[in-house]
Amino acid sequence: MTEDIKKAVYEPNDPRGLDEPFLPVSVAKQLDLPGNHNNSEAPLKVSGRYITKEYDMGTSRNEKIQAILNPLKSDKEKFWGLKGISFDVFEGDVVGVIGVNGSGKSTLLNILSGALAETSGRLKIKGQTSLLSVWDGLRDNLTGLENIRLKSLMMGLSNKEIDDQIDDISDFSELGKFIKQPVKNYSSGMRSKLGFSIAVHQDPDIMIIDEALSVGDQTFTRKALNKMKEFKAAGKTIFFVSHALGQIEEFTDKTMWIQYGELRAYGDTETILQEYKDWTKWYNQLDDDVKKSYVAARKQAQNDFNRQQLTERIALDQHLTNTEKKKIVRDNAVGGRLSWWNWLLAFAGTGILIYAVYAYMYFGR
Ligand SMILES: Nc1ncnc2c1ncn2[C@@H]1O[C@H](COP(=O)(O)OP(=O)(O)OP(=O)(O)O)[C@@H](O)[C@H]1O
């Protein structure tokens, strides 16, 4: 990127400027972002420190084999969907998650729900989470009713409990006769209705809602928002991803703004929405080629990101003890949650297995 474009894309009200795209927790605290403080003295429900997600971009067979043979040293192209996100969420918080397409919102929510493993970082969740996403969680070949049973069983409900509430779930979904049809025949709005109805009847501690309300019709969305308000009144913790800023404003108290794999801002919804709107306005007035360069530079930074950069940032964090820092850094260094011992055991186990197969083939007949 040339210096001219660099200057042009220097963002307004951004204390970090273009060359400091990462906001470590320590800086967030110095900036006094309200989302980092527990105003209500409520117990901590979800705590994330330097959560990363590294995606493999290589898809050729050679690249896959190389990665399996040498997982610590692969030349495969990487893409960091999350570059070390830190946040605290307290009981009863209703947290909106906003950001442009591809910024990492679904990645974060899938990690929170357990549907996706983080690459590294420290994540503590107190309670049972339930992910509601239009795009997964439902089995295409099963009918709506069968999906209700399956998901309820997976959540630990007994057959009696399922029988007691299956009609309520079905009624709430407003799917009528379609409830007996395979889900593969559903529109995205119908999937959303079914998924939402199942999730709200499971009464989870922590609800994670990923764009599920953006595809339904308006009357259902209103009904769903009212249901969520009941959850909010009951003190549940809710994460709510939406591109509909009106819904975020109406329903959430705090908002996380995720931008190209980073937590750009986290605080009270009113403040963060205003910052996001200011940024969007600023971005929209850029020339097309400057927009392209801006996005390309940030995507490139997601390609180029590495564990060393993360380690340097963790070292600067004044809010972690040395022991905590060491633990997070050690996890990063070996690629995710696996420690050196885990890797060693995995290799030893594989070696013994291969030896046993060979021994059987040559001596066992
Ligand atoms: N399995 C994958 N392999 C490689 N890259 C991926 C994978 N899943 C997501 N990504 C990339 O990670 C980034 C974050 O994706 P994610 O779906 O979390 O974004 P998002 O903020 O939810 O986007 P949207 O608003 O469009 O739903 C994107 O650039 C995406 O292309």
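Residues numbered from 1 in each chain as written. Predicted model: local features only at pLDDT ≥ 70, side-chain atom pairs only at ≥ 80, totals over all residues. Heavy atoms only, no water.

Turning our eyes to something else, we now look at the packing of aromatic side chains. As enumerated under the stated definition, the model contains 14 aromatic pairs in all. Each ring, one from W257 and one from Y276, has its centre 5.2 Å from the other, and the planes form 75 degrees; the classification is edge-to-face. With a gap of 19 residues between them, W257 in strand β8 (residues 254-259) and Y276 in helix α10 (residues 269-284) connect regions that are remote in the sequence. Residue class for W257 comes out buried when judged on its relative accessible area of 1%. With a centroid separation of 5.8 Å and 55 degrees between ring planes, the pair formed by Y283 and Y294 is classed as tilted. Of the two residues, Y283 sits in helix α10 while Y294 sits in helix α11 (residues 288-304), which places them eleven residues apart along the sequence. For Y283, a relative accessible area of 16% puts it in the buried group. By the ring-pair criterion, three or more aromatic residues cluster together here, those being W257, Y260, Y276, W279, W282, Y283 and Y294. In this structure, K223 is placed above the aromatic ring of F172, and the distance from its NZ or CZ to the ring centre is 4.3 Å. Cation over ring: K232 sits above F251, and NZ or CZ is 5.7 Å from the ring centre. (Phe/Tyr/Trp six-rings, centres within 6.5 Å; stacked < 30°, edge-to-face > 60°. Helix = DSSP H or I, 4+ residues; strand = E, 2+ residues; numbered from the N terminus. Buried < 20%, exposed > 50% of the residue type's maximum accessible area, 1.4 Å probe, protein only. Lys NZ or Arg CZ within 6 Å of the ring centre and 35° of its normal.)

This brings us to a nonpolar patch on the surface. Taken together, the side chains of L353, I354, V357, Y358, Y360, M361, Y362 and F363 present a nonpolar region at the surface, about 980 Å² in accessible area. Summarising the element assignment, F363 is placed in helix α14 (residues 340-363). Relative accessible area serves as the criterion here: at 71%, F363 is assigned to the exposed category. (Patch = residues over 30% accessible without salt bridge, like charges linked within 9 Å, V, L, I, M, F, W, Y side chains within 5 Å. Areas by Shrake-Rupley, 256 points an atom, 1.4 Å probe, with all protein chains shown as cover. Salt bridge = Lys/Arg side-chain N within 4 Å of Asp/Glu carboxyl O.)

What follows concerns unusual backbone geometry. Of note, E174 is a non-glycine position whose phi angle comes to about 60 degrees, a positive value. Look at E174 and you get partly exposed, because its relative accessible area is 38%. Even without a glycine there, the phi angle at Y260 is positive, about 45 degrees. Relative to the assigned elements, Y260 resides in the loop between β8 and β9 (262-268). Take Y260: its relative accessible area is 6%, and that puts it in the buried class.

What sets the pattern is the α-helix's 3.6 residues per turn: residues three or four places apart point alike. Within helix α12 (residues 307-316) the residues assigned to the buried category are L310, R313 and I314. Buried residues in α12, looked at end-on, bunch into an arc of 100 degrees, giving them a common side. Away from the buried face of α12 by more than 90 degrees, exposed residues A315 and L316 are located. One side-chain oxygen at the N-terminal end of α12 lies 3.1 Å from the backbone nitrogen of Q308; it belongs to N306. (Arc of directions from axis to C-beta. Polar contact = N/O pair within 3.5 Å; in protein donor to acceptor, adjacent residues only side chain to side chain.)

For helix α7 (residues 188-201), which comprises 14 residues, the first-to-last C-alpha distance of 20 Å matches the rise-based estimate of 20 Å (1.5 Å per residue) to within 8%. Most of α7 is tucked away, with 13 of its 14 residues classed as buried. Once α7 finishes, D203 follows within two positions and takes phi at roughly 55 degrees, a positive value. (Expected span 1.5 Å × (residues − 1).)

This part takes up the site of the ligand. The ligand sits among 13 residues. The nearest are N101, G102, K105, S106 and T107. Between the ligand and the protein, one listed contact pairs an oxygen atom with a backbone N or O atom of G102 at 2.8 Å. In isolation the ligand exposes 640 Å². Once the protein is present, 63% of that is buried. In terms of residue count, the dominant contributor to the shell around the ligand is helix α4 (residues 105-113) (three residues). Class assignment for the residues of the shell around the ligand results in four nonpolar, seven polar and two charged. (Near = heavy atom within 4 Å. Nonpolar A, V, L, I, M, F, W, Y, C, P; charged D, E, K, R; others polar.)

Here the focus is the pairing of strand β6 (residues 206-210). Counted residue by residue, β6 has five buried out of five residues, so it is predominantly covered. Of the two faces of β6, both are covered, the one formed by I206, I208 and D210 as well as the one formed by M207 and I209. With five bridges connecting them, β6 and strand β7 (residues 237-241) associate as parallel partners. In the sheet register, D210 faces β7, and the bridge partner there is V241. (Pairing = 2+ DSSP bridges.)

Reading predicted coordinates in detail is not appropriate for stretches of low pLDDT. With 77% of its residues at a pLDDT of at least 70, the chain reaches an overall mean of 79. Taken together, the stretch residues 1-37 has pLDDT below 50 and engages in 70 contacts with residues farther than four places along the chain or on a different chain. (pLDDT = per-residue confidence, 0-100. Contact = heavy atoms within 4.5 Å.)

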